[in-house]
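# Tertiary structure, described
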Amino acid sequence: MSMIFYCDFFSDKDLIPLPAQSKLAPWIARRRTPKIQEQYKEIGGGSPIKKWTALQGEGMVKLLDEMCPESAPHKYYIGFRYADPLTEDSIEQMESDGIERAIAFTQYPQYSCSTTGSSINAIYKHYAKRKESSGMTWSTIDRWPTQPSLVKVFANHIKAELEKFPDDVRDEVVILFSAHSLPLKVVNRGDAYPTEVAATVSRVMDELGHSHTYRLVWQSKVGPLTWLGPQTDEVIEGLVKRGNKNMLLVPIAFTSDHIETLYELDIEYASELATKVGVKNIRRAESMNASPVFIQGLADLVKEHLDSNKACSKQMSLRCPLCVNSTCGQAKEFFMNQQELLDSTAGIYGQKKVMNLGKINS
């Protein structure tokens with residue numbers, strides 16, 4: 001990733017609100033780019049997130065062709081915010097391909113204005129400045145924190161990893177569900193993300209029968225603002241000080257491996273930090289990646305969404321109570337206004353196309 005990528009990334013107020021953003025973003029990008037480039041070298045030279053997103057998309061549309069033959073063949077597109085293919089470029093490709101029915105399917109199970117909201121805003125802003133008329137009707141799968149297949153795969157991966165701990169400590173393992181943090185100023189506006197991540201954790205622990213102690217922790221803090229805590233690295237150190245030296249890390253808000261699982265969790269925390277503070281046993285549960293159960297869940301979500309003929313979830317219509325971003329309201333209105341089009345064309349569309357909104361930090 002280049003410094004231009006990170007400068008654009010840190011300049012986006014939807015993603016990371018910063019004080020004096022126009023000045024601070026380039027400064028952070030200059031400082032962090034060399035370090036992050038080294039981290040990518042340590043995980044193989046780049047992020048595998050596009051590879052996994054493509055495999056998930058391919059598996060999903062293959063299943064959809066079988067599950068929904070009346071609308072086959074189905075096709076997926078990938079759209080990233082600041083990496084190729086960009087959301088805007090994918091939209092234009094879809095328009096060029098003559099797509100009539102599009103679903104913006106976020107690959108973040110838990111909604112946040114900084115992730116899914118940013119991509120939703122990008123779609124709206126692209127159409128707001130686009131001169132040509134569009135032939136596509138849009139809807140969005142904007143959140144799915146408690147989807148049964150998602151919960152089941154998390155639980156299965158946790159169980160599989162617990163079996164790799166020594167027999168005499170397996171029952172003592174503390175499960176740390178680690179999610180990307182948010183600045184507290186975003187949370188305090190009413191962002192739904194912490195609640196939805198907690199909902200996923202709750203369902204996973206129900207699936208596990210509450211077999212182990214656990215905590216929800218937060219990672220990837222950037223910049224000078226105060227972020228949602230406790231931070232994953234601080235929790236690891238704190239647990240060791242209190243005699244808990246066996247831990248399992250679970251990337252609860254990520255569906256594919258990328259730098260925050262492969263470097264931050266695996267190397268920075270589970271290797272370097274764990275050695276430094278005296279952890280006895282620490283492992284990391286496998287990400288969703290190409291799990292057949294997970295991919296089936298993606299197909300189930302799309303089928304349910306198509307059958308519902310809804311433009312978006314009910315929750316999508318509610319802005320954060322203290323929202324300061326006018327684009328957010330306009331973007332939500334853009335998708336809610338698609339309902340009239342969906343109602344007027346129900347049942348007449350042939351091929352259904354799904355646009356996967358890829359991870360921001362690819």
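Above this note sits the structure.
An account of the accompanying structure is given in this report.

Cut-offs applied
- Residues numbered from 1 in each chain as written.
- Predicted model: local features only at pLDDT ≥ 70, side-chain atom pairs only at ≥ 80, totals over all residues.
- Heavy atoms only, no water.
- Salt bridge = Lys/Arg side-chain N within 4 Å of Asp/Glu carboxyl O.
- Helix = DSSP H or I, 4+ residues; strand = E, 2+ residues; numbered from the N terminus.
- Buried < 20%, exposed > 50% of the residue type's maximum accessible area, 1.4 Å probe, protein only.
- Disulfide = S-S within 2.5 Å.
- Polar contact = N/O pair within 3.5 Å; in protein donor to acceptor, adjacent residues only side chain to side chain.
- Contact = heavy atoms within 4.5 Å.
- Axes fitted to C-alpha atoms, helices over the stretch in contact; angles between N-to-C directions.
- Parallel < 35°, antiparallel > 145°, perpendicular 65-115°, else oblique.
- Left-handed = near helix turned anticlockwise from the far one by under 90°.
- Expected span 1.5 Å × (residues − 1).
- Phe/Tyr/Trp six-rings, centres within 6.5 Å; stacked < 30°, edge-to-face > 60°.

## Observations concerning the pattern of salt bridges
- Summed over the entire model, instances satisfying the criterion amount to 14 salt bridges.
- Residue Glu 92 pairs with Arg 130 through a salt bridge whose shortest N-O separation is 2.6 Å. Of this pair, Glu 92 sits in helix α4 (residues 87–96) while Arg 130 sits in the loop between α5 (116–129) and β3 (137–141), and the two are 38 residues apart along the sequence.
- Here Glu 92 falls in the partly exposed class, since its relative accessible area comes to 29%.
- Taking the relative accessible area as the measure of exposure, Arg 130 reaches 16% and is therefore buried.
- When the shortest N-O distance is used, the salt bridge between Lys 303 and Asp 307 registers 2.8 Å. Taken together, the residues span about one helical turn, with Lys 303 and Asp 307 both in helix α11 (residues 292–308) at a distance of four residues.

## Digging into the state of the cysteines
- Within this structure, the stated rule accounts for zero disulfides.
- With no disulfide of its own, Cys 320 lies 3.5 Å from the sulfur of Cys 113, the closest cysteine sulfur.

## Details of the side chain of Asp 257
- Among the structural elements, Asp 257 can be located in the loop between β6 (246–251) and α10 (259–277).
- Engagement of the side chain of Asp 257 in a polar contact is seen with the side chain of Arg 284, the distance being 3.0 Å.
- Aside from chain neighbours lying at most four places away, what touches Asp 257 is Pro 48, Ile 49, Trp 52, Leu 262, Arg 284, Ser 287 and Asn 289.

## Details of the packing of α4 against α5
- Contact geometry for α4 and α5: axes closest at 10 Å, N-to-C directions at 60°. Looking at the two axes, α4 sits oblique to α5. In this structure, α4 crosses over α5, and the sense of that crossing is right-handed. Judged by residue contacts, Thr 87, Glu 88, Ile 91, Glu 92 and Glu 95 of α4 engage Ala 122, Ile 123, His 126 and Tyr 127 from α5.

## Re helix α6 (residues 148–162)
- When the terminal C-alpha atoms of α6 are compared, their 21 Å separation across 15 residues agrees well with the 21 Å that a helix rising 1.5 Å per residue should span.
- Within the span of α6, buried status applies to Ser 149, Leu 150, Val 151, Val 153, Phe 154, Ala 155, His 157, Ile 158, Glu 161 and Leu 162.
- For α6, the secondary structure elements touched by its buried residues are β4 (174–180), α8 (193–207), β6, β7 (281–284) and α11.
- Backbone nitrogen of Ser 149 and a side-chain oxygen of the N-cap are separated by 2.8 Å at the start of α6; the cap is Gln 147.

## Section: unusual backbone geometry
- Looking along the chain, the bond that leaves Asp 84 and enters Pro 85 is cis, with omega of -5°.
- Structurally, Pro 85 is set in the loop between β1 (75–79) and α4.
- Across the junction of Gly 229 and Pro 230, the peptide omega takes the value 5°, indicating a cis bond.
- As for its position among the elements, Pro 230 is in the loop between β5 (214–219) and α9 (232–241).
- In this structure, His 210 is a non-glycine residue whose phi angle is positive, near 50°.
- Mapped onto the secondary structure, His 210 falls in the loop between α8 and β5.
- Look at His 210 and you get partly exposed, because its relative accessible area is 43%.
- Residue Asn 309 is not a glycine yet carries a positive backbone phi of 55°.
- Relative to the helices and strands, Asn 309 is located in the loop between α11 and α12 (326–336).

## Digging into the packing of helix α3 (residues 49–67) against α11
- Two elements in contact, α3 and α11, have axes separated by 8 Å at closest approach and are oriented at 55°. Of the possible angle classes, the one that applies to α3 and α11 is oblique. Between α3 and α11 lies a crossing whose hand is right-handed. Facing Leu 55, Gln 56, Gly 59, Met 60, Leu 63, Leu 64 and Met 67 of α3, the residues of α11 in contact are Phe 294, Ile 295, Gln 296, Leu 298, Ala 299, Asp 300, Val 302 and Lys 303.

## Let's talk about the environment of Lys 241
- Within the secondary structure, Lys 241 is located in helix α9.
- Look at Lys 241 and you get exposed, because its relative accessible area is 65%.
- Taking the C-alpha atoms as reference, Lys 241 lies 9.8 Å from Val 279; in sequence the two are 38 residues apart.

## Comments concerning the packing of aromatic side chains
- The final tally for this structure, using the stated rule, is nine aromatic pairs.
- An angle of 85° between the planes, with centres 5.2 Å apart, marks the rings of Phe 334 and Phe 335 as edge-to-face. Grouping residues by exposure puts Phe 334 and Phe 335 together as buried.
- Within the aromatic cluster, the residues linked to one another by ring pairs are Tyr 124, Tyr 127, Trp 138, Phe 334 and Phe 335.

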